[in-house]
Each structure stands twice: as C-alpha cells, then as structure tokens.
There are 2 protein chains.
Amino acid sequence: MSLIVQKYGGSSVGNADRIRNVARRVAAKKKQGHKLVVVVSAMGDTTDDLITLAEQITKTPNEREMDMLLSTGEQISVALLAMAIHELGVKAMSFTGPQVGIITDKFHTKAKILDINTDRMQKALAQGNVVIVAGFQGKTCEEEVTTLGRGGSDLTAVALAKALKAKCCEIYTDVDGIYTADPRLVPDAQKIEQISYDEILELAALGAKVMHSRSIEVGKKFNVPIYVRNSMNNHEGTLITKESKQMEDVVVSGVALTDDEAKITLFKVPDRPGVAAKLFAKLSDANVNIDMIIQNKTSTSTTDISFTVFKNELNRALAVVKKAAQSLGAHSIHHDSDIAKISVVGVGMRSHSGVASKMFGCLARKKINIDMISTSEIKISCVISGKKGKEALRAIHSEFGLGKKSK
Amino acid sequence: MSLIVQKYGGSSVGNADRIRNVARRVAAKKKQGHKLVVVVSAMGDTTDDLITLAEQITKTPNEREMDMLLSTGEQISVALLAMAIHELGVKAMSFTGPQVGIITDKFHTKAKILDINTDRMQKALAQGNVVIVAGFQGKTCEEEVTTLGRGGSDLTAVALAKALKAKCCEIYTDVDGIYTADPRLVPDAQKIEQISYDEILELAALGAKVMHSRSIEVGKKFNVPIYVRNSMNNHEGTLITKESKQMEDVVVSGVALTDDEAKITLFKVPDRPGVAAKLFAKLSDANVNIDMIIQNKTSTSTTDISFTVFKNELNRALAVVKKAAQSLGAHSIHHDSDIAKISVVGVGMRSHSGVASKMFGCLARKKINIDMISTSEIKISCVISGKKGKEALRAIHSEFGLGKKSK
C-alpha cells in the first residue's frame, strides 16, 4: 500500500461541482488501496477577493495580518473537500498547515518551510483517513500563521511528499501536462511524457507556467517524482523526474517564448575595469532583476553594454541607469520593450553538439535577426524582435522535430 | 491602567467602512490609556455564506469539518480589523481562538470553554498591542478547531474578561442597550441603566435577544460587569451587574412578549400517579423542550394536562403526544399555535408584594383572558391569546410606570 500526495489547484476546486469531481477522484484512488494526502488551494477567486477586502482597508497591509487573512482561503477548501469525500462514504480529515506541523521561518507572505512534523498526519492515515491539507501555509515556532508565497500550494505538496516518503506527488491542474511548446502558439505541440527537473526548471524560468520553480527545486533536491496531470480527465500527464539515460536521446525537450522582458543599452561607455560592476551594483541596490547581459567593445576606449530586465521593472531600471550613465560617462541610452526571448531546452545538449548552430541557422533562413544570445549547459536563448516571436517559435519547434508524429 | 474587553458583532464589522469605525473606537479607547482585548464576530453574512457553501456539498456536514469551515469567518474579521487599527498608528495583533489558548471540550459546533491560557495575550498586551481575538472558536487539547455555538462570540468576550481579570466586558451591538420592553412594540420603552444578571437571564430566556444566556451565566458566575452598548454612537448603554440594593427599589425592570410557543392540552387523562412523569419522559426522549406546564383536575377520576413547547418543535411534540395519549387513556388532544406569553421581570418582586395581582388586574381591565400562569422568584409569565399580545404588553408596561418620564 503506497502513499501518494495529490495537489489540486484553485480552478480544480472552484465551485461545489468541481469539489465533488475532486472528491470522486480522491475516493477512487483511495479505493485502489492507496494511502492519500491531498493538498488543496483556495477556491477560484477566493484569494483575490480577500486581497480586495484588505485593499479596501489599507494600501499597506501588515504582512503578518495578510497571512492571517489569506490562509482562510485554503481552510475553506479543505473543509468542503472533506465533506464531499464523506458523502462518498470515504473517511477524510482536513487540516490547516499549522495543524499538520508545517514549520516555517518568520518571513510572512513568503515563508520558507523549515521542517514538517508528520505525527498527526501519520496518525490520521493509520486510522484510514484521507488526509486533506490546506496548501500555501504553515506556522512559525511561535505559532504565528505564515504563507509560502507564489506557488505555495505546489510547494506544500512536494514538501509533504518528501516528509512522508510518498511514492510520488501528483499535481492536478487544468492542462494535460507539460508540452514541447505552448499549444496556444504552436498547434502541433506535443505532450512530454518524461522530463528532468533541470529541464523543467529552465522551462519554468522561461515562462512555462505549469509549476513554480521553488517546488521543482525541492522535488529535485529530494528526488520526489512529480506528475503533472489534468483534474478533468484521466490522461497520463507528464512525469518530472531525475535525469535518465533515455532522456539524453532527446536533444531538445521543449521550446519556450517569453515577451516579458525589455532591453536597455548604454552606448559608448568608457572602457575601464569596474564599469559593469558599478552599473549592476546600482541596479541590484534598486532591486532590479537582470536576466541577460552582453558587452561589446566598440573602439579601443569605449564599449556598449546591453542587458534585459522584466518589463514591469523597466521604469525603475531606467531611472537608475540614467543616473549611473552620467557618472560612468556613457554617450547615450536606448531601450526597447518590443523584444522576445526564444529558448530551446534539453538535457541531450550535454552529449549532442550542433544544437546552437541548428537554432541559429533556422532563424537565419527565416531572416530573423538575433540580438542577444545566452546559454547554459542545457539551454540556448536568443533575444529577437518581438514581432517575430511566434514565427520563430513555430520554426524552431518544427526544426527540432517536436511536432506530433501523426502530422 | 485598566484592562477592558470589547466585543463587536457581525453587523458592526459588516463592511470596510464599519471596520474602520470600530478601529477608530478601539484606537480612541487605547489612547485613553487602557489595555484592550477586542473580540470580533464574522463580517455580516459571512457565516451564512459559508453554511450555504457547505449545503451545496452535503445535507449532513460533518461537525468537525463545519468548525474548520465556519471558524474562517472570524479569522477574516480579526485580520482586517488589525489592519484598520494599524492605519490609525496603533499597534494591534490578531489571533484565532486556538492561537490565543481558548481550550474547549470536544463537542464540535457547540463546544464549551474549559480553560484559557492567557500567556500569549499578556505578552502581546505587554508589548503595547491591542489584542484582537476571533470570537466563537477554540481548540481541543488535541489541537482540533471547535466552535462555541450560538452566542459564541459574546461567550468568548465574557470568558476572556474573566480569565484576564478585566475591569469590564463591553458588548457592542446595533442597539443602545436593554429596554424596559421591545421599543418596536412599545414606543415609550425606556433604556435601562443597570440590570442584574438574574433579571437579564429571565429576559433573555423570554426573548429579549440582546445577549445569549450562556454569556450572562458566565458573567454572573465570575461577577464580570457587562456593558451592552451601540457601536454606532457614544450613548451610555446598559450595565449588567450583580444585584444591588438600589435595584430592589425598582419592582419591575422590564416586560417581555414572546410568541414562539404553542400549547398542547390532553383532556381527561385518568388521574393516576406517574401519568405526567410518563408523558414528559417521552417528550424528553424525543428532545422536545417544555416551558410551562399546568395540570387541572376536572373530576374525581380525570385531569387535564396543558403545556407549551416551541413552535418549531410542535409537530415533533404532537407525534409523541398522540402516541402517548392512547397508552395513558386520554380522551382527546388539542393544540393552539396562536398564543403569546407576556412576562414581567424584576428583582424588586422579592421584597414587594402585589405584583401578580397588579398584572392580573391590568389584564382583566383590558378583558384579556389568562390561559396559563408561571412564576419564578423574580418573574411572572402569563399565556394569553396571540392576538392580544401587543395590547397586553403596552398596558402592562404602562401599568408598572416603565414609560419615558418625559411622556
């Protein structure tokens, strides 16, 4: 009898019918003889509604009180799901994060899990219960309620799977799994059966918004197999697991397109040691996240520096850069919000050469100019014109043979 | 520097504006130099909305899960009130019932408070915080969430006042205090300045729905002075306290009218010892609450038995009575839902005679027939025709000189 942790997101428990649907799935799994721990998010818009309430009171809510407020959303879901499971004649008990012994640090609204005491869950499981746990929340050693920030319920599920030595962690969502590219942009994108933690981490960072990176990182660290599945059907989903020999045969697992970055260029900066260090230190002080950086020597005494930031941080970045440009002696500043980043990801790259040239060649044949390039061991990203993004995505997806075989 | 416990009901925190209003009141009291513990109910219709959610899932919700669900309502209120108090520059911390150490028995949805560990509240108070506590809830020794049933938030407030040795407990509601009669029925009803626990217990049982009897009983047991006040103005309100000499000068404190009972009569029951015992044991087994009982010997061998039950238990009671009537050998059964009960209450009755005859005389002059009479040390109740209820109320209120002196 194996122990399985399941997690159902907010849209999967968005109303009474959907909660009953989840209850049926849980009951069926239980009747197969599994021990089950089920992590649930807040129903549909509940969290947004609670945030709206807080905004009616104050623009700067205290973070401790925000955690008290928001943690009620998941508590409502778990109680209702327990009731729905009871209706099917299956024993179930709901618990809050604090009740179930999820101990976190003191950083309200973005707490990190420090420890999980599984005694209470083990006892309830031993009594034959499905254990239902409110996701996204925990408590400090001082019994203060905390929440785990974005992707918190996924994190709860993966961390519980680790603590309980579960066979696997099933993440139920409203898509069938992870795809070779966004199916809304690439119609023949194919569902991936197995993918490694590292690949999904690159894809998550690149905007494949199926799971938050924090949960994948925990899964990787403790080697928890994670299934991403659809709560509305019985399709197989995607298994996220440690790298296997078999995966290396696939050179490229997926292609991702993101358009949430903007590029800033400083022209003709006097080329002295420490110039870049000074600039990026100032940006870091202003809490601006930098993604890609290139520096290009334009003459014996000057250099151009380009980098990308998230669009929602562009204004903040420009303010810092304008001030810094003067003291650095830069000639001029330019920025461009109309850029896209296209990336190919695959652990097979480690053992296969020629991926970069194949990608660049494909873009060249399409007459798409490459603006910036960055690479990691298992990823190649190119910044191109924003207008060309979707065309590039489809061309590269096809170039690496990722489309459905039937087509 | 004295410690005061305040309690604000659901309508007092029904929306953001009202929460801000409560925050201003709390902040003003704090700035007067008081230590403050504030108990809050769920916002307006929140509890009803949560019950509706549960009803969409099941007709027979598990009580443990109901407590998990319903306790979120107060948790939302306390977090929002803390934020609103922060906006006014005053330190405040919110706590759930479980967090604040309210230990109850295991009877979910109607738990009794066993103990309160005040350490955490004392610590937060010592740090200069207003302590805000979610009403209506606690936890068992096994860390299970419980709720306290009807009037639970009042009970939380009075119990905290006792545990913290507070100077008094202020119950804020949407009326100015306790009146000599329901002002909607008796226009010249007068607000009572001081009333004893015993009188208010009689009045509460009689339908003056300002506070639930459980809280008054706790207040009486531990001698906690309770102020009933309006959260929307600064009027003085009514002080509920232990009996004083001064109170004895007032013969009748208030008059109450209730119409939620029905009368059942068994005619010509053979008059043998144990007949009444048998009948009422069967009603008790069926969980029917009996209020008044009269037995009237009609001949040497038979007796008539009349009693009143709550209207919502009438059908259940009739089913039992019909079955019992046969085995007891009663001649016939009659029931009447159109009755009213009018009561006068006052500790002065103990030392003043003639209250009953004054009341009966008043009803006689109005040609209102008395159906049943019951009395306690400080109360006289008469059952009369339902149609005559309001007229009787106004007449008796005037008879005892309870109207506003200016009129």
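Preceding this section is the structure that the text describes.
These numbers come from a predicted model, not from an experiment.

## Examining the environment of T72(B)
Here's step 1: Relative to the helices and strands, T72(B) is located in helix α3 (residues 63-87).
Here's step 2: Residue T72(B) is classed as buried on the basis of its C-beta count, with 26 C-beta atoms lying within 10 Å.
Here's step 3: For the pair T72(B) and F310(B), spaced 238 residues apart in the sequence, the C-alpha separation amounts to 32 Å.
Here's step 4: When neighbours within four sequence positions are excluded, T72(B) is seen to be in contact with T72(A), Q75(A), I76(A) and L50(B).

## Topic: the sheet that holds strand β1 (residues 3-8) of chain A
Strand pairing in a sheet relies on backbone hydrogen bonds. The paired strands run either parallel or antiparallel.
Residue and element names in this part refer to chain A.
Here's step 1: A sheet is described by the order of its strands in space; here eight strands give the open sequence β3-β6-β2-β1-β9-β11-β12-β10, paired in mixed fashion. Sheet topology places β3 (92-95) and β10 (194-196) at the edges, where each strand pairs with a single neighbour. Each strand axis lies, on average, 20° off the axis of its neighbour in the sheet, ignoring direction.
Here's step 2: Of the strand pairs in this sheet, strand β2 (residues 35-40) and strand β6 (residues 130-134) are connected by four bridges, and their pairing is parallel. What sits directly across from V38, in β6, is I132.
Here's step 3: Strand contacts of helix α1 (residues 16-31): β1, β2 and β6, with the helix running at about 160° to β2, the strand carrying the most contacts.

## Here's the deal with the relation of the copies chain A and chain B
One chain copy maps onto the other through a rotation about an axis and a shift parallel to that axis.
Here's step 1: Structural alignment of chain A on chain B gives an RMSD of 0.1 Å, achieved by rotating through 180° and translating 0.1 Å along the axis. Taken together, the rotation angle and the small translation identify this as a two-fold axis. Of the C-alpha atoms belonging to chain A, the one lying closest to the rotation axis is found on T72(A), 2.7 Å away.
Here's step 2: Counting the interface residues of chain A, we find that 100% of their copies in chain B are interface residues as well, pointing to one common contact surface.

## Observations concerning the interface of chain A and chain B
Here's step 1: Facing 26 residues of chain A, the contacting portion of chain B comprises 26 residues.
Here's step 2: Counting only elements with at least two residues in the side of chain A that touches chain B, the list comes to α1, α2 (46-57) and α3 (63-87) of chain A.
Here's step 3: Tallying contributions element by element places α3(A) first for the side of chain A that touches chain B, with 14 residues.
Here's step 4: When grouped by side-chain class, the residues that make up the side of chain A that touches chain B number 15 nonpolar, eight polar and three charged.

## Here's the deal with the nonpolar core
Here's step 1: Residues V5(A), L80(A), L81(A), I85(A), I132(A), V133(A) and L160(A) are the most contacted members of the largest nonpolar core, which totals 123 residues.
Here's step 2: In this structure, M68(A), I113(B), V288(B) and A324(B) belong to the second largest nonpolar core, which totals 122 residues.

## A few points about the environment of V383(B)
All names here are of chain B.
Here's step 1: By secondary structure assignment, the location of V383 is in strand β20 (residues 379-385).
Here's step 2: With 71 residues separating them in the primary sequence, V383 and N312 have C-alpha atoms 18 Å apart.
Here's step 3: Beyond its immediate stretch of four places on either side in the chain, V383 contacts K263, M292, T308, I339, K341, D371 and M372.

## A short note on the packing of helix α11 (residues 355-365) of chain A against helix α12 (residues 389-399) of chain A
All names here are of chain A.
Here's step 1: Direction vectors running N to C along α11 and α12 enclose 135°, while the axes themselves pass 10 Å from each other. The pairing of α11 with α12 is recorded here as oblique in orientation. In terms of crossing hand, the pair formed by α11 and α12 is right-handed. Together, K358, M359, C362 and L363 of α11 and A392, A395, I396 and E399 of α12 make up the contact between the two elements.
Here's step 2: Split by residue class, the contact of α11 with α12 holds six nonpolar, no polar and two charged.

## Describing unusual backbone geometry
Comment: phi is negative for the bulk of residues other than glycine, and the bulk of peptide bonds are trans.
All names here are of chain A.
Here's step 1: Although it is not a glycine, K165 sits at a positive phi angle of roughly 55°.
Here's step 2: Mapped onto the fold, K165 is located in the loop between α5 (152-163) and β9 (168-173).
Here's step 3: On the neighbour-count criterion, K165 (11 C-beta atoms within 10 Å) is exposed.
Here's step 4: The phi torsion at K367 lies on the positive side, around 60°, for a residue other than glycine.
Here's step 5: If you trace the backbone, K367 turns up in the loop between α11 and β19 (372-376).
Here's step 6: Taking the number of C-beta atoms within 10 Å as the measure of exposure, K367 has 8 and is therefore exposed.

The rules behind the values
- Residues numbered from 1 in each chain as written.
- Chains lettered and ligands numbered in written order.
- Predicted model: local features only at pLDDT ≥ 70, side-chain atom pairs only at ≥ 80, totals over all residues.
- Helix = DSSP H or I, 4+ residues; strand = E, 2+ residues; numbered from the N terminus.
- Buried ≥ 20, exposed ≤ 12 C-beta atoms within 10 Å, placed from the backbone.
- Contact = placed C-beta atoms within 7 Å.
- Pairing = 2+ DSSP bridges.
- Axes fitted to C-alpha atoms, helices over the stretch in contact; angles between N-to-C directions.
- Least-squares fit on C-alpha atoms with pLDDT ≥ 70 in both.
- Nonpolar A, V, L, I, M, F, W, Y, C, P; charged D, E, K, R; others polar.
- Core = buried A, V, L, I, M, F, W, Y, C linked by C-beta atoms within 7 Å.
- Parallel < 35°, antiparallel > 145°, perpendicular 65-115°, else oblique.
- Left-handed = near helix turned anticlockwise from the far one by under 90°.

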